[in-house]
Amino acid sequence: MASRAEDEAMRHAIALAAFGLGTTSPNPVMGCVILDSQERVVGEGFHAYAGGPHAEIVALAHAGERAKNGTAVVTLESCDSVGRTGPCTRALIQAGIRRVVIAVSDPNPLAGHGATTLRAAGIEVEQGVREEEAAAGNVAWLTAVRRGWPYVTWRVASTLDGRTAAVDNSSEWITSEAARIDVHQLRGEADAIIIGVGTVLADNPRLTVRNVRDGSLAIRQSLRVVVDGDGETPDDARVRDGLAETWIATAAEVGTGPDGLVDLRALLRGLYQRGVRAALLEGGPTLAAGFLSAGLVDRVIGYMAPKLLGAGRPSLSGKELSNGVGVGILREPIDLEFTEITLVGPDIRYTAVPRYPARKPEPSLTAQLTPRVPKKADISAEERASSDIMRGVPIRSGSTKEKGED
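Cut-offs used in this document
Residues numbered from 1 in each chain as written. Predicted model: local features only at pLDDT ≥ 70, side-chain atom pairs only at ≥ 80, totals over all residues. Heavy atoms only, no water. UniProt positions renumbered as here; feature names shortened; annotations may be inferred. Helix = DSSP H or I, 4+ residues; strand = E, 2+ residues; numbered from the N terminus. Buried < 20%, exposed > 50% of the residue type's maximum accessible area, 1.4 Å probe, protein only. Contact = heavy atoms within 4.5 Å. Pairing = 2+ DSSP bridges. Axes fitted to C-alpha atoms, helices over the stretch in contact; angles between N-to-C directions. Polar contact = N/O pair within 3.5 Å; in protein donor to acceptor, adjacent residues only side chain to side chain. Parallel < 35°, antiparallel > 145°, perpendicular 65-115°, else oblique. Nonpolar A, V, L, I, M, F, W, Y, C, P; charged D, E, K, R; others polar.

Named according to an unreviewed UniProt entry, the chain is Riboflavin biosynthesis protein RibD originating from Catenuloplanes niger. Per UniProt, the chain carries the Function (unreviewed entry) text "Converts 2,5-diamino-6-(ribosylamino)-4(3h)-pyrimidinone 5'-phosphate into 5-amino-6-(ribosylamino)-2,4(1h,3h)-pyrimidinedione 5'-phosphate."

## Let's talk about the UniProt feature "binding site: substrate" (unreviewed entry) in the chain
UniProt records the feature "binding site: substrate" (unreviewed entry) at Ser171, Arg187, Asp203, Leu207, Arg210 and Glu282, using the numbering of this structure. Within the secondary structure, Arg210 is located in the loop between α8 (197-203) and β9 (223-227). The exposure class of Arg210 is partly exposed, given its relative accessible area of 30%.

## Re the side chain of Thr208
Relative to the assigned elements, Thr208 resides in the loop between α8 and β9. With residues up to four places along the chain from it excluded, the contact list for Thr208 reads His184, Arg187, Leu217, Gln221, Arg224 and Leu243.

## Considering the environment of Ile93
Here Ile93 is to be found in helix α3 (residues 88-94). Residue classification places Ile93 among the partly exposed residues on the basis of a relative accessible area of 34%. Along the chain, Ile93 and Lys68 lie 25 residues apart, while their C-alpha atoms are 9.6 Å from each other. Here Ile93 is in contact with Thr117, Leu118, Ala121 and Ile123, once residues within four sequence places are set aside.

## Brief notes about the sheet that holds strand β5 (residues 124-127)
Reading across from one edge, β2-β1-β3-β4-β5 is the order of the five strands in this open sheet, with mixed pairing throughout. At either end of the open sheet lies a strand with only one pairing partner, and these are β2 (41-46) and β5. Within this sheet the neighbouring strands show an average axis-to-axis angle of 15 degrees, counted without direction. As paired elements, strand β3 (residues 71-76) and strand β4 (residues 99-104) share five bridges and run parallel to each other. If you follow Val73 over to β4, its bridge partner there is Val101. On the sheet, helix α1 (residues 4-17) packs against β1 (31-35), β2, β3 and β4 and is oriented at approximately 145 degrees with respect to β1. Helix-sheet contacts for helix α2 (residues 55-63) involve β1, β2 and β3, and the interaxial angle to β2 is about 150 degrees.

## Examining the environment of Arg147
In this structure, Arg147 sits in helix α6 (residues 139-147). The exposure class assigned to Arg147 is partly exposed, which follows from its relative accessible area of 26%. Along the sequence, Arg147 and Arg269 sit 122 residues apart, while their C-alpha atoms lie 9.8 Å from each other. A polar atom in the side chain of Arg147 sits 2.6 Å from the backbone oxygen of Pro150.

## Examining unusual backbone geometry
A cis amide bond links Ser25 to the next residue, Pro26, at an omega of 10 degrees. Its location among the elements puts Pro26 in the loop between α1 and β1. In the Ramachandran plot, Asn69 falls in the positive-phi region, its phi being about 65 degrees despite a non-glycine side chain. In this structure, Asn69 sits in the loop between α2 and β3. Owing to a relative accessible area of 41%, Asn69 belongs among the partly exposed residues under this scheme. The phi angle at Leu207 is positive, at roughly 65 degrees, despite the residue not being glycine. Relative to the elements of secondary structure, Leu207 occurs in the loop between α8 and β9.

## Digging into the packing of helix α10 (residues 264-273) against helix α11 (residues 285-293)
Running from amino to carboxyl end, α10 crosses α11 at an angle of 90 degrees, the nearest separation of the two axes being 10 Å. By the angle between their directions, the pair α10 and α11 is classed as roughly perpendicular. Residue-level inspection shows Leu264, Leu267 and Leu268 of α10 in contact with α11, the latter providing Leu287, Gly290 and Phe291. Looking at the contact of α10 with α11 residue by residue, the classes come out as five nonpolar, one polar and no charged.

Spelled out as structure tokens, the structure:
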């Protein structure tokens, strides 16, 4: 059983891990706290960016000789594989750690078995401490690795009567500036932002990530994905401006379902192969309905402005094909379980998890065509990496390898 000091250290390690959201993919976020033999904190760290030192390595460097005969408290089972960095299990063994406390076991078969290796080296290992809390902070990576496609958050902004645009199709400034700033935090935590070609043609968005503090372009940009079955995205569309990488996902490239439209499951598998573990679905009522009807949305984050339009573009829409197959048609209501409701400026922000009706999954539903963690979107990757813990560690570009492979 974990001691009081270990439990408190795990709580702190979970908070540290959150600073890596948006910069570690395809690796997980991870935090580590080192306690000496008297259970005093002597080192701490987090995984700051893919290809950089893992949380244990940073914390051990911080602790130095004080780690000997101490305890390592980690939010995720230490990796046991060799990549661009050595296995963290070896570092813990060489540092003389006598006990390791783990929150969540690593589901990645390429990097797992760390607890087994540590026990074989004579180190005492305890697992499952604050497991639910740590898993919630790493939910996108854990979900993606277990099933092989990204964790999808549908972000929607609407009026109280469910309209995302007016009758003339104008959609700017439905929600407040505070809500729009919050959206940039969500974008910063996502590896990819997905919209449909209809949104490109109607709104021509840039889909870039801005720093909350001053509105400047963030150092790290998410992959922009346009679901565009027939390749209709104009050459002068803003998503082609070169400010961030863009994938125009056509039916010819991704593959199609029985209706000849882009296969959304194949799209998500393709994104996973590109290193995407967390995707933010932003665009279009038809695309959103297609993802929902296929059971591919894991979380909904909505912003409701205290406004009424009475008419205009709805949050969800779709159509029936001639063969009776629905594209973006919800045949049954989807229940949502609210996990958070709060105010962002004058707007209501809610977070909810879909509870899909139990039914046999269809082979390929298609469409035409992000508990809250600590705020950190206004802290750049460079600033985080130059903190007291990470001072002196160079910033390098990301990797598309899993934890344990980097």
